Amino acid sequence: MKFSVLLSIYHKEKPDYFDRCMRSIWEEQSVQPDEIVLVQDGPLTESLYHVIEKWKKVLHRSLVVIKLKENAGLGKALNIGLKQCRYDLVARMDTDDISLPDRFETQLKMFETNNIDICSAWVGEFHDNESEIVSYRKVPQNHNEIIHFAKKRNPINHPAVMYKKSKVLEAGGYKTMTGFEDYYLWARMILSGARFYNIQKPLVNMQTGESQLQRRRGISYAKDEIRFQRRLVMLKFITYREFLSNISLRFIARTVPSSITKFIYSYLRR
């Protein structure tokens, strides 16, 4: 089965992280992608341009670079890139994440042997050393479990997902929903009848730390989350009672001291 890898990069990405990401996609995989679509979301740094040129020489036509004049944001950038992907199967990851060597092979086998439209997996988290995993983002395995889980929490690890382009577009693609573009897409795909599956082992490692935690805290983020939960009610994805339960728990988590937030996240990821 042929497939694309979809990436979006912007000026704040670290060149070393991006280069490590590319090595994990191409040099270390048991099955290599048929194309890599990279969206340059606005002007980049000279160091990032240098890394891109390096990989152009390695990949030739297998690397498709799409240049946006201005930063459009992740959701819009991914929509643009998705439309340029030649194959229906598309693997997503972020440009600072690391795909494990059997990632694509494992996911392709799932699509070959199961009636599914979207397949993700667990994600390992590390601070500075990728060989020292500090926690795992675990998600439920089967379709019905995923639907139930999605009523309260994001059921798919976006950096490890592989999906059918046709099913994503059928659900309307990525739409503006600050901080929750991926979760919003999964909800709409569930409502449109897409079949979900999560592999019960890590296929991607991602760097995490204090900065990531801080981005998910504060009144502004809490307001974005309330806005998103309201949209789920409008879609009839969750009930009003579920909305009240979700926002009451999340508002506390977003506004309490960071030490307590860390404890909540570590507890949820056990």
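Residues numbered from 1 in each chain as written. Predicted model: local features only at pLDDT ≥ 70, side-chain atom pairs only at ≥ 80, totals over all residues. Heavy atoms only, no water.

Draft legend 1. Looking closely at the environment of D88. Residue position: D88 is located in the loop between helix 3 (74–84) and strand 4 (89–92). A relative accessible area of 36% means that D88 is categorised as partly exposed. Leaving out residues up to four positions away in the same chain, D88 has contacts with Y163, K164, K165 and S166. (Helix = DSSP H or I, 4+ residues; strand = E, 2+ residues; numbered from the N terminus. Buried < 20%, exposed > 50% of the residue type's maximum accessible area, 1.4 Å probe, protein only. Contact = heavy atoms within 4.5 Å.)

Draft legend 2. Focus on the environment of N205. Position of N205 relative to the elements: it lies in strand 9 (residues 196–207). N205 gets classed as buried once you look at its relative accessible area, which sits at 9%. Here the alpha-carbon distance between N205 and F126, two residues 79 residues apart in the chain, equals 7.2 Å. Excluding its chain neighbours within four sequence positions, the residues that come into contact with N205 are D97, I98, L100, G124, F126, E130 and I133.

Draft legend 3. Expanded view of the pairing of strand 2 (residues 35–41). Burial runs high along strand 2: seven of the seven residues are buried. Of the two faces of strand 2, both are covered, the one formed by E35, V37, V39 and D41 as well as the one formed by I36, L38 and Q40. Bridge count for strand 1 (residues 3–9) against strand 2 is six bridges, and the pairing is parallel. Across the sheet, residue S4 finds its bridge partner in strand 2, namely E35. (Pairing = 2+ DSSP bridges.)

Draft legend 4. Expanded view of the nonpolar core. The biggest cluster of nonpolar side chains holds 37 residues, and the ones touching the most others in it are L6, Y163, W186, M189 and F196. Sorting the residues of this core by element identifies strand 2, strand 3 (63–68), helix 3, helix 5 (143–150), helix 7 (181–191), helix 9 (219–234) and helix 10 (240–255) as the ones contributing at least two each. Here the element with the most residues in this core is helix 7; it accounts for seven residues. Sequence-distant contacts of F196, that is, excluding residues within four places in its chain, are made with I116, I118, N142, H143, I146, I156, W186, M189 and I190. Core analysis: the next-biggest nonpolar cluster, separate from the first, contains 32 residues, F3, F18, M22 and L203 among them. (Core = buried A, V, L, I, M, F, W, Y, C linked by side-chain atoms within 4.5 Å.)

Draft legend 5. Structural view of the packing of aromatic side chains. Under the criterion given, the structure shown has seven aromatic pairs. Taking 4.8 Å as the distance between ring centres and 55° as the angle between the ring planes, the aromatic pair formed by Y183 and F228 counts as tilted. Pair noted here: Y183 is in helix 7 and F228 is in helix 9, with a separation of 45 residues, a long-range link. Accessibility classification places Y183 together with F228 in one group, the buried group. When the ring of Y184 is compared with that of F228, the centres are 6.3 Å apart and the planes differ by 80°; the resulting orientation is edge-to-face. Note that Y184 is positioned in helix 7 and F228 in helix 9, a separation of 44 residues in sequence. Residue classification places F228 among the buried positions, given a relative accessible area of 0%. Cluster of aromatic residues (ring-pair linked, three or more members): F180, Y183, Y184, Y221 and F228. The aromatic ring of F237 is capped on one face by K151, whose charged end is 4.6 Å from the ring centroid. (Phe/Tyr/Trp six-rings, centres within 6.5 Å; stacked < 30°, edge-to-face > 60°. Lys NZ or Arg CZ within 6 Å of the ring centre and 35° of its normal.)

Draft legend 6. Just the pattern of salt bridges, in detail. Applying the stated criterion across every chain, the model contains 14 salt bridges. One salt bridge in this structure joins D117 and K164, with 3.5 Å as the shortest N-O distance. Here D117, found in the loop between helix 4 (103–113) and strand 6 (118–126), pairs with K164, found in strand 8 (residues 162–164); they are 47 residues apart in sequence, far enough to count as distant. Under the relative-accessibility criterion, D117 is labelled buried at 6%. Look at K164 and you get partly exposed, because its relative accessible area is 24%. Taken together, the shared-partner salt bridges connect D19, R20, R23, E28, K54 and E130 into one network. (Salt bridge = Lys/Arg side-chain N within 4 Å of Asp/Glu carboxyl O.)

Draft legend 7. Broad picture of the side chain of T95. By the element assignment, T95 lies in the loop between strand 4 and strand 5 (97–99). A distance of 2.6 Å separates a polar atom in the side chain of T95 from a polar atom in the side chain of E13. Other than its neighbours up to four places away in sequence, T95 contacts L7, S8, I9, E13, Y17, F18, C21 and L38. (Polar contact = N/O pair within 3.5 Å; in protein donor to acceptor, adjacent residues only side chain to side chain.)

Draft legend 8. Local environment of the pairing of strand 6. Summarising burial for strand 6: nine of the nine residues are buried, a large majority. Pairing of strand 6 with strand 8, which is carried by two bridges, proceeds in the antiparallel orientation. Note that in strand 8 the partner of C119 across the bridge is M162. As paired strands, strand 6 and strand 9 are joined by nine bridges and run parallel to one another. Within strand 9, the residue paired with I118 across the bridge is F196. Sheet analysis places strand 6 next to strand 7 (residues 133–137), joined by four bridges and oriented antiparallel. Each bridged residue has a counterpart across the sheet, and for E125 the counterpart in strand 7 is S135. Counting the residues that bridge the hairpin from strand 6 to strand 7 gives six residues.

Without other data, these values stay purely geometric and don't point to any function.
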